[in-house]
Amino acid sequence: MTGGDGEIGWSRLAGLTPARIALGRSGAGLPTQEVLKFAMAHAQARDAVHAPFDAARLASEIESLGFPVQHVSSAAPARDVYLRRPDLGRRLDDTSARVLEALPTKGADLAIVIGDGLSSMAVGSNAAAFVDAMVPHIQRLGLHLAPVVIASGARVALGDEVGERLGARMVLVLIGERPGLSSPDSLGAYLTFGPRVGRTDAERNCISNIRSGGLAFDVAAFKLAWLIEAAFARGLTGVSLKDESSTALGWDSKTTIAAP
């Protein structure tokens, strides 16, 4: 692609993406300003991984939306262990397992699990707002919800055990995604039908990059609601369930989608 002066129009393209293109150069290297920006982005990504998870603040925000909350922890006793042992983040610790087993609410249509994952920043910035965007869809679908579970030291698969112990028909895990150099605050939503320990990632549907600078809350909520309804109708999630929410309404990939 060329501009009117015959030069490649990289600067115009750079305005359309957060990707690092058209950075310029200084001799054989990058301009100092771009080197410093890269270092800052790398530091922000590292901070997102190691930032403490404010579970109490998140619980207050979720409760203000009218949902009861239950705190749990994974089997990873500390953050450094969590990072070295992903397997421990996929299982509840013994105390949390007993707490969930003792809850009287069983057999809900949907269990929502909010976990810190690899970016507590993403969860703190986006989770409550996204749940709020889901409320009208939950009401429209007539879903019976289990208490919202807030999980520390969580990996995606922790939702399988949580959903199984709660006897939920489906589990939705909202979790901080691995930080990128342009998005340290990206929230992921993972949907699994028939949750039980041992489910694979191929049996889930994922909506990623939910944040103010990425996929908007109302758009993500609309897509997720479509997946939930389709999953109940077909009795499955994963590779056999494709997101056809846009196609079903005659939208193409360039159309701006707004939740009804």
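Sequence positions are assigned chain by chain, starting from 1 and proceeding in written order. In keeping with the model being predicted, local features are shown solely for residues with a pLDDT of at least 70 and side-chain atom pairs are shown and tallied solely at 80 or more, while totals for entire chains, interfaces and linings include all residues. The basis for every side-chain value is the complete set of non-hydrogen atoms in the structure, without hydrogens or water.

The next subject is the pattern of salt bridges. Counted as salt bridges are all cases of a side-chain nitrogen of Lys or Arg within 4 Å of a carboxyl oxygen of Asp or Glu. A complete count under the given rule lists 16 salt bridges for this structure. Across the salt bridge formed by Arg-85 and Asp-87, the nearest N and O atoms sit 2.7 Å from each other. Notably, a salt bridge pairs Asp-243 with Lys-223, separated by 3.3 Å at the nearest N-O pair. Placement of the pair is Asp-243 in the loop between helix H8 (217–234) and helix H9 (245–248) and Lys-223 in helix H8, with a sequence separation of 20 residues. Classification of residues uses two cut-offs on accessible area relative to the type maximum, computed with a 1.4 Å probe and protein chains only: under 20% is buried, over 50% is exposed, and between them is partly exposed. Of the residues examined, Asp-243 reaches a relative accessible area of 36% and is grouped as partly exposed. Secondary structure elements follow DSSP: runs of H or I of four or more residues count as helices, runs of E of two or more count as strands, with numbering from the N terminus.

Let us look at the sheet that holds strand E5 (residues 187–193). A pair of strands is considered paired only if DSSP assigns at least 2 bridges between the two. Pairing within the open sheet is mixed, and its six strands lie in the order E1-E3-E2-E4-E5-E6. Of all the strands in the sheet, just strand E1 (69–73) and strand E6 (204–210) have a single pairing partner and so form its edges. Averaged over all adjacent pairs, the angle separating strand axes in this sheet is 20°, with direction ignored. As judged from the five bridges shared by E1 and strand E3 (residues 148–152), these two strands associate in the parallel manner. What sits directly across from Gln-70, in E3, is Val-149. Whether two residues are in contact is decided by their heavy atoms, any of which lying within 4.5 Å being enough. Angles shown run from 0 to 180 degrees and are taken between the N-to-C directions of axes, each axis being a line fitted to C-alpha atoms and, for helices, limited to the stretch in contact. Where helix H5 (residues 94–102) meets the sheet, it contacts E1 and E3, and its direction lies at approximately 150° from that of E1.

As a further point, take the environment of Ile-62. Mapped onto the secondary structure, Ile-62 falls in helix H3 (residues 55–64). Classification of Ile-62 as buried rests on a relative accessible area of 0%. Placed 35 residues apart in sequence, Ile-62 and Gly-27 show a C-alpha to C-alpha distance of 52 Å. For Ile-62, the residues in contact, after removing those within four places along its chain, are Phe-67, Val-69, Ile-114, Ala-128, Val-131 and Val-148.

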